[in-house]
Amino acid sequence: METIIPSALRKVKGVNYERERIGTHDDDFLDIDWVQNGNKRLIIVSHGLEGSSDRPYVKGMAKIFGENGWDVLAWNCRSCSEEMNRTPKLYHHGYTVDVKTVVNHAIVKGYDSIGLVGFSMGGSLTLKYSGENGSDLPEAVKACMAVSVPCELSKSAEQLAERGNKFYQNRFMKKLTFKLTKKNEQFPGLVDIVPWKRFNNFHEFDTHYSAKLYGFKDGQDFYDKVQCLPFLKQIKIPCLILNAANDPMLSGLCYPEDIAEEMDNIILEISDHGGHVGFLQKGKKATYAEERALQFFNEQIH
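From a predicted model like this one, the values you see are computed outputs, not experimental measurements.

A.B. asks: If you had to explain the sheet that holds strand E6 (residues 141-147) to someone new, which residues and values would you point to?
C.D. replies: Taken in spatial order, the eight strands of this open sheet run E1-E2-E4-E3-E5-E6-E7-E8, and their pairing is mixed. Every interior strand has two partners, whereas the edge strands, strand E1 (18-23) and strand E8 (266-271), have only one. Looking at each pair of strands side by side, their axes are set apart by 20° on average, direction ignored. Relative to strand E5 (residues 113-119), strand E3 (residues 41-46) is paired through six bridges, and the arrangement is parallel. By the bridge assignment for E5, arginine 41 is matched with serine 113. Sheet contacts for helix H3 (residues 97-108): E1, strand E2 (29-35), E3, strand E4 (71-75), E5 and E6; angle to E2, the most-contacted strand, approximately 45°. Most of the contacts of helix H11 (residues 288-300) go to E6, to which it runs at about 160°, and overall it touches E3, E5, E6, strand E7 (239-244) and E8.

Rendered as structure tokens:
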């Protein structure tokens, strides 16, 4: 309920985006949505799997930062802004080349104090981008945060395959299969379309689709290569990971306690409640994740 109710019923009012379309390195495009109030500090928000800048958790983050001295850039992964992208590739948990494009665009716009926050898959992108760039991260990027992040993708896939969680697994598979069908119409023969109901778990799904589309051996090889876990120790900036203990999509090293204990710059916060990208608070419009993010980034970026 802590996962489903916020996703299905929460409404966030008062966020008025201004959309901009930017180009990518491979002649594709990304749609980014701004909340600009003339502030020098910028928060860049990355959404989760099959999400968008219109999801309530993104708008909630945009609202709290936009009302408290920050500009906001909420970007949409390829194919997630209601228009199919131009190239065969879509996006995945480790496709950080698009994060780099967005960050560099923000720097060109004049922002030199930037925070990165991502939800679920967007959290994975945020952490991997921050880690793989390490000491070469743009100086403008001062801190990062990930919420409900599946640091270890294979364990997250196993968790989603549990009987009580197949609702989430099937929902993702159905939406992704529909999108891949559309992509196959653009590029006939790109992938062999198989009804999502034939797959028992995400490992089978990713072996059939993701691995072939992005050039990996199978689902496990895909998880190992794109997940953010191996890059956490390379993060040099202050980093906050907020995962709920009752998240139905996380298990194992999705809670990287040993790494957080070893790394002085990484804070791992495990809340008792919150579900997956939920974190609703009784009697409050803002979620705990939004309030915690504002507190964290205000401490790190003045």
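A.B. asks: Please give an account of the packing of aromatic side chains that cites residues and values.
C.D. replies: All told, the structure shown has 14 aromatic pairs when counted by the stated rule. For the pair tyrosine 57 and phenylalanine 119, a centre-to-centre distance of 4.8 Å together with 55° between the ring planes defines the contact as tilted. Linking tyrosine 57 in helix H2 (residues 56-66) with phenylalanine 119 in strand E5, this pair joins segments that are 62 residues apart in sequence. Of the two residues, tyrosine 57 and phenylalanine 119, neither departs from the other in class, the shared state being buried. Pairing phenylalanine 222 with tyrosine 223 gives two aromatic rings, centres 5.9 Å apart and planes at 55°, and the pair type is tilted. Comparing phenylalanine 222 with tyrosine 223 shows no difference in burial state: the two are buried. The lysine or arginine in question, arginine 21, covers the ring of phenylalanine 29, its NZ or CZ lying 3.8 Å from the ring centre. Across the ring face of phenylalanine 231, the terminal group of lysine 128 is positioned such that the distance to the ring centre comes to 5.1 Å.

A.B. asks: Provide a residue-level description of a nonpolar patch on the surface, including the pertinent values.
C.D. replies: Taken together, the side chains of Met1, Ile4, Ile5, Leu9, Phe167 and Leu280 present a nonpolar region at the surface, about 610 Å² in accessible area. Per-element tally for the nonpolar patch: the top contributor is helix H1 (residues 4-9), with three residues. If you trace the backbone, leucine 9 turns up in helix H1. The class of leucine 9 is exposed, set by a relative accessible area of 59%.

A.B. asks: Explain the pattern of salt bridges to me, using residue names and the numbers behind them.
C.D. replies: Counted according to the given criterion, the structure contains 18 salt bridges. Across the pair arginine 19 and aspartate 33 runs a salt bridge, and its minimum N-O distance is 2.8 Å. Highlighted residues: arginine 19 in strand E1 and aspartate 33 in strand E2, separated in sequence by 14 residues. Here aspartate 33 falls in the buried class, since its relative accessible area comes to 2%. A salt bridge links lysine 225 to aspartate 221; its shortest N-O distance comes to 2.9 Å. Residue lysine 225 and its partner aspartate 221 are both found in helix H9 (residues 219-226); the two are separated by four residues, about one turn of the helix.

Cut-offs and rules
Residues numbered from 1 in each chain as written. Predicted model: local features only at pLDDT ≥ 70, side-chain atom pairs only at ≥ 80, totals over all residues. Heavy atoms only, no water. Pairing = 2+ DSSP bridges. Helix = DSSP H or I, 4+ residues; strand = E, 2+ residues; numbered from the N terminus. Axes fitted to C-alpha atoms, helices over the stretch in contact; angles between N-to-C directions. Contact = heavy atoms within 4.5 Å. Phe/Tyr/Trp six-rings, centres within 6.5 Å; stacked < 30°, edge-to-face > 60°. Buried < 20%, exposed > 50% of the residue type's maximum accessible area, 1.4 Å probe, protein only. Lys NZ or Arg CZ within 6 Å of the ring centre and 35° of its normal. Patch = residues over 30% accessible without salt bridge, like charges linked within 9 Å, V, L, I, M, F, W, Y side chains within 5 Å. Areas by Shrake-Rupley, 256 points an atom, 1.4 Å probe, with all protein chains shown as cover. Salt bridge = Lys/Arg side-chain N within 4 Å of Asp/Glu carboxyl O.

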